[in-house]
Amino acid sequence: MSSTVPAPGSAAADAQPRRLSARAVPYWRLHLAAQGLPAAAVATVVLALVPVPGWVAAVGTAAAWVAALGTVAVVPAVRRRIWWYAIGAEEVDLHHGLLVITRTVVPMVRVQHVDLHHGPLADRFGLAEIELHTAAGSVTIPALDRDEAEALRAHIAALARVPDEL
């Protein structure tokens, strides 16, 4: 059985597995570049100031820049490819990971509330994320198209409501 589709018998298996937005890739690239490139620049400056042999400084500097640029170029596309989610009538099924695969199934009856988050950078790309809260903690579905995130938040909130039996 492929690890990219819900298991037979799970309630979310009835729902279609969905990928994150294609705009997640440039969004994550910019986010990683804002972190990784300054770190590579700091490593370059430190290696220039620390008394080490020239070849050590050159190799260290090259490694820092290759790691930063490689991360920006490769990680976002891979991250999007390995992430899927399915929303069923009775549960939310999340799957992500490359070496360590994380599969989280959240029963709708356990969902206490649903948040929608977006910041200035996510707004620029038209993205948002949904956070599902349970008594045990929370899980997030990142990098959704903003309109889809709003619709999913409302849909999950409606499915998670427990009727008042008083």
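Residues numbered from 1 in each chain as written. Predicted model: local features only at pLDDT ≥ 70, side-chain atom pairs only at ≥ 80, totals over all residues. Heavy atoms only, no water.

K.L.:
How do you make sense of the sheet that holds strand 5 (residues 127-134) when you look at a structure like this?
P.N.:
Strands belonging to one sheet form pairs held by backbone hydrogen bonds; the direction of such a pair is parallel or antiparallel. Ordered in space as 4-5-6, the three strands form an open sheet in which the pairing is antiparallel. Edge positions in the sheet fall to strand 4 (113-117) and strand 6 (137-145), since each has one partner strand and no second. Sheet twist, expressed as the average angle between the axes of neighbouring strands with direction ignored, equals 20°. (Pairing = 2+ DSSP bridges. Helix = DSSP H or I, 4+ residues; strand = E, 2+ residues; numbered from the N terminus. Axes fitted to C-alpha atoms, helices over the stretch in contact; angles between N-to-C directions.)

K.L.:
Help me understand the packing of aromatic side chains, please; the structure alone is not making it clear to me.
P.N.:
Here a ring pair, both rings aromatic, is described through the centre-centre distance and the interplanar angle of the planes. Overall, the coordinates contain one aromatic pair when judged by the stated rule. Judged by centre distance (5.9 Å) and plane angle (65°), the rings of Tyr 27 and Phe 125 are edge-to-face. A residue pair is termed long-range when its members are at least 10 positions apart, and Tyr 27 in helix 1 (residues 24-49) and Phe 125 in helix 3 (residues 120-125) qualify at 98 residues. (Phe/Tyr/Trp six-rings, centres within 6.5 Å; stacked < 30°, edge-to-face > 60°.)

K.L.:
Just checking my understanding: could you explain the nonpolar core for this structure?
P.N.:
Soluble, globular proteins show a tendency: their nonpolar side chains are buried together. By size, the foremost hydrophobic cluster in this structure holds 26 residues, and its most contacted members are Tyr 85, Ile 87, Val 92, Ile 141 and Leu 144. When contributions to this core are tallied by element, the ones reaching two or more residues are helix 1, strand 1 (84-87), strand 2 (91-96), helix 3, strand 5, strand 6 and helix 4 (146-160). Look past the residues within four positions of Ile 87 in its chain and what remains in contact with it is Ala 15, Val 92, Met 108, Ile 141, Leu 152, His 155, Ile 156 and Leu 159. (Core = buried A, V, L, I, M, F, W, Y, C linked by side-chain atoms within 4.5 Å. Buried < 20%, exposed > 50% of the residue type's maximum accessible area, 1.4 Å probe, protein only. Contact = heavy atoms within 4.5 Å.)

K.L.:
Hey, could you run me through the pattern of salt bridges in this one?
P.N.:
When the charged atoms of two side chains lie near each other, side chains of opposite charge can form a pair. Overall, the coordinates contain five salt bridges when judged by the stated rule. Glu 148 serves as the salt-bridge partner of Arg 18, at 2.8 Å between the closest nitrogen and oxygen. Note that Arg 18 is positioned in the segment before helix 1 and Glu 148 in helix 4, a separation of 130 residues in sequence. The salt bridge partner of Asp 123 is Arg 146, with a shortest N-O separation of 3.2 Å. Residue Asp 123 is found in helix 3, and its partner Arg 146 is found in helix 4; the two are separated by 23 residues along the sequence. Among the charged side chains, a salt-bridge network with shared partners connects Asp 123, Arg 146 and Glu 150. (Salt bridge = Lys/Arg side-chain N within 4 Å of Asp/Glu carboxyl O.)

K.L.:
What is the right way to read helix 1 from this model?
P.N.:
The periodicity of an α-helix, 3.6 residues per turn, causes residues three or four places apart in sequence to face the same way. Spanning 26 residues, helix 1 covers 38 Å between terminal C-alpha atoms, matching the ideal 38 Å at 1.5 Å per step. Where helix 1 bends most, at Ala 33, the angle is about 30°. For helix 1, the elements touching its buried residues are helix 2 (54-82), helix 3, strand 5 and strand 6. (Expected span 1.5 Å × (residues − 1). Bend = angle between axes of the 7 residues up to and from the residue.)

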